[in-house]
Amino acid sequence: MAETRRVGSVAYATRDQNYFAKRGLIRHANVWHLWALGVGAVISGHFSGWNGGLLQGGWGGMFIATVIIGIMYLGLTFAIAEMSPALPHTGAAYSFARTAMGPWGGFLTGLAENVEYVLTPAVIVFFIGSYLTGIFETPDSFQPVWWVLAYIAFVGLNVWGVALSFRVTLIVTLLALACLLVFWVSAIPNMDFSRWALNIGEGGVELPDGNGPFLPNGIMGVFFALPFAVWLFLAIEQLPLAAEESMDPKRDMPRGIIAGFLTLVVSALAILTLNPSVMGIGSFALGSSGEPLLDGFRAIYGDGIAKGLALVAVLGLIASFHTIIFAQGRQIFSLSRAGYFPTFLSVTHDTRKTPHVAMVAGALLGLVVIMAVWFLAGEENRGSVIGFTLLNMAVFGAMLSYIMQGISFILLRQNQPNMDRPFRNPFGNPGAALTVIIAAVTIYFQVTGDAAYRAGILGVAIWFAVFIAYFAVVGRHKLILSPEEEFALEHKA
């Protein structure tokens, strides 16, 4: 008979070894797999999504916003590089916050990440469907079929086995980076920065002759561009979710995430500088484009090979979709294994040892959300609701989790000074504090920005209310002594 152990406001049900045997994972990933997991999750944001910030702040505003967001992710990345090998569990952000702030802190942090990892692939699959609709000339009503097929294909790849999943991650990430590299090389002889990148004037109007101001909308344009700059780095933080599938997480996790961040810095600065500078496009047109990289290729090579180029551009979306499906499954798996979510969600495949139930459940939830929007929002509003409202919900969830992770880092440094730390963050508490401050400022300008953004935040509030009610009434009385929970109790301040 299972025993119950009460600790503060929660209760733990002890489970035998058979419980964890049904929830086993396999170690396979090396440092290059981890690097690809981090870069691949983000790379679609370099193909599209970031460019909306050009209309908010002009090229200069978007550049400064990118630097500010880059500083936020620098602090976050190095904080995670310290925490993840010290707490090498699949729970990642939830695990960090659980040890630092207790069960409620861990649950709320995990819930914020859950919003991000369920909704981000739903938004990406919409863009994949849009590209495929144009390539194969299918009717717009066929879009949901593309979504279902994409989810089946990439959930299936992730379920098939961790070795295949990491191999596909590495291949598609390298292909996506190769696509970007071809664009950068092609763009350099076809760019005129002053004429095209600086063709936005005060109030967001187009300047036909370019040579406009660096900050056409002043300093406020920088702040309103912040949420768009996030897309150049969003989801790099998912890498620690592979901790229990890493061959040597204490050594490879810091190397993988830091190398991934540096790769993204180079790519972000290159795409931000070159894409708006290509002759014939410019920041003004690019700011409202749904396919900025493809527009750049078209301007350089002409419309004749547009379909072929569109297939190439889909690579970036596929890389992020595949890797975030991986993260989604592990994130739901870890919260379920510990009892925060229903425990059946954490059962792994008998032979392949992949969290197939969690991945299928996350995929179904994402599909339900995007299908509901598609059929209820109306034909004229579908694109904006999915492309802005759902996207903003994902960013809002991410910012909340960054705040919690930054606070967790500071608390762990303060309350657990003797914890074994294979890697020490050279930026320390000031770096983590900057992450918290910039994430909070980004949230403020999301709240005060477009009405579509505020609708997204309301959606997140409803999401939180439902799951918090479940945890308060049911979940907190049925927690399990998972690796994350045992570690937190052993290191209780």
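Residues numbered from 1 in each chain as written. Predicted model: local features only at pLDDT ≥ 70, side-chain atom pairs only at ≥ 80, totals over all residues. Heavy atoms only, no water.

Moving on: the overall build of the protein chain. If you tally the helices and strands in the protein chain, you get 18 helices and three strands. Computed over the C-alpha atoms, the radius of gyration of the protein chain is 22 Å, within 12% of the 23 Å expected from 2.2 N^0.38 for a compact globule of 493 residues. Judged by the C-alpha coordinates and their principal axes, the protein chain covers about 75 × 45 × 40 Å. Counting over 493 residues, the protein chain shows a buried share of 60%. Residue pairs at least 24 apart in sequence account for 81% of intrachain contacts in the protein chain once pairs closer than 6 positions are excluded. With 26 positive and 28 negative side-chain charges, the protein chain shows a spacing of 12 Å between the two charge centroids. (Helix = DSSP H or I, 4+ residues; strand = E, 2+ residues; numbered from the N terminus. Rg over C-alpha atoms; globule rule 2.2 N^0.38 Å. Buried < 20%, exposed > 50% of the residue type's maximum accessible area, 1.4 Å probe, protein only. Contact = heavy atoms within 4.5 Å. Lys, Arg positive; Asp, Glu negative; His and termini not counted. Charge placed at Lys NZ, Arg CZ, Asp CG, Glu CD.)

Attention now goes to unusual backbone geometry. In this structure, Ala92 takes a positive phi of about 50 degrees despite not being glycine. Structurally, Ala92 can be placed in the loop between α4 (53–86) and α5 (93–136). On the basis of relative accessible area, Ala92 is assigned to the buried category, the value being 2%. One non-glycine residue with positive phi stands out, namely Asn211, at about 55 degrees. Within the fold, Asn211 resides in the loop between α8 (193–197) and α9 (218–229).

Strand pairs in the sheet, formed through backbone hydrogen bonds, run parallel or antiparallel to each other. Pairing is mixed in the open sheet, where three strands are placed in the order β1-β2-β3. Taken across any chain shown, the strands that pair with only one partner, and hence form the sheet edges, are β1 (4–7) and β3 (479–480). Sheet analysis places strand β2 (residues 10–13) next to β3, joined by two bridges and oriented parallel. By the bridge assignment for β3, Tyr12 is matched with Leu479. (Pairing = 2+ DSSP bridges.)

Right, let's talk about empty space enclosed by the protein for a bit. Tallying each qualifying case throughout the model produces five cavities of 30 Å³ or more. Its boundaries defined by the atoms lining it, the largest cavity holds a volume of some 60 Å³. As for the largest cavity, its lining consists of Ser44, Gly45, Ser48, Gly49, Val123, Ile124, Phe127, Trp231, Leu317 and Leu391. Secondary structure elements with two or more residues in the lining of the largest cavity: α3 (44–47) and α5. Here the lining of the largest cavity gets three residues from one element, more than from any other, and that element is α5. Within the lining of the largest cavity, the residues separate by chemical class into six nonpolar, four polar and no charged. (1 Å grid on protein atoms, 1.4 Å probe; cavity = no way out; pocket = protein on both sides within 12 Å on 5 of 7 lines; lining within 4 Å. Points joined across faces, edges and corners; volume = space filled by probe spheres on them. Nonpolar A, V, L, I, M, F, W, Y, C, P; charged D, E, K, R; others polar.)

By the alternation rule, side chains of β2 split into Val10 and Tyr12 and Ala11 and Ala13, which are all buried. The pairing of β1 with β2 spans four bridges and is classified as antiparallel. Opposite Arg6, over in β2, you have Ala11 as the bridge partner. Turn length for the β1-β2 hairpin, with the two strands adjacent in sequence and antiparallel, is two residues, and the turn residue Gly8 shows positive phi of about 65 degrees.

As a further point, take the environment of Arg251. Along the polypeptide, Arg251 turns up in helix α10 (residues 249–274). The class of Arg251 is partly exposed, set by a relative accessible area of 43%. Considering only alpha carbons, one finds Arg251 and Val31, 220 residues apart in sequence, at a separation of 8.5 Å. In this structure the side chain of Arg251 is engaged in a polar contact, spanning 2.8 Å, whose partner is the side chain of Asp252. (Polar contact = N/O pair within 3.5 Å; in protein donor to acceptor, adjacent residues only side chain to side chain.)

On to the side chain of Ser401. Following the sequence through the fold, Ser401 ends up in helix α15 (residues 382–415). Within the structure, Ser401 has its side chain in polar contact with the backbone oxygen of Ala398 (distance 2.8 Å). Not counting residues up to four positions away in its chain, the partners in contact with Ser401 are Thr109, Ala112, Glu113 and Glu116.

At their nearest, the axes of helix α7 (residues 162–187) and α10 sit 10 Å apart, and the two run at 40 degrees to each other. Judged on the interaxial angle alone, α10 and α7 are oblique. As α7 packs across α10, the resulting crossing turns out to be left-handed. Facing Leu177, Leu180, Phe183, Trp184 and Ala187 of α7, the residues of α10 in contact are Thr263, Ser267, Ala270, Ile271 and Leu274. Its residues assigned to classes, the contact of α7 with α10 shows eight nonpolar, two polar and no charged. (Axes fitted to C-alpha atoms, helices over the stretch in contact; angles between N-to-C directions. Parallel < 35°, antiparallel > 145°, perpendicular 65-115°, else oblique. Left-handed = near helix turned anticlockwise from the far one by under 90°.)

Keep in mind that these numbers describe shape and distance, not what the molecule does.
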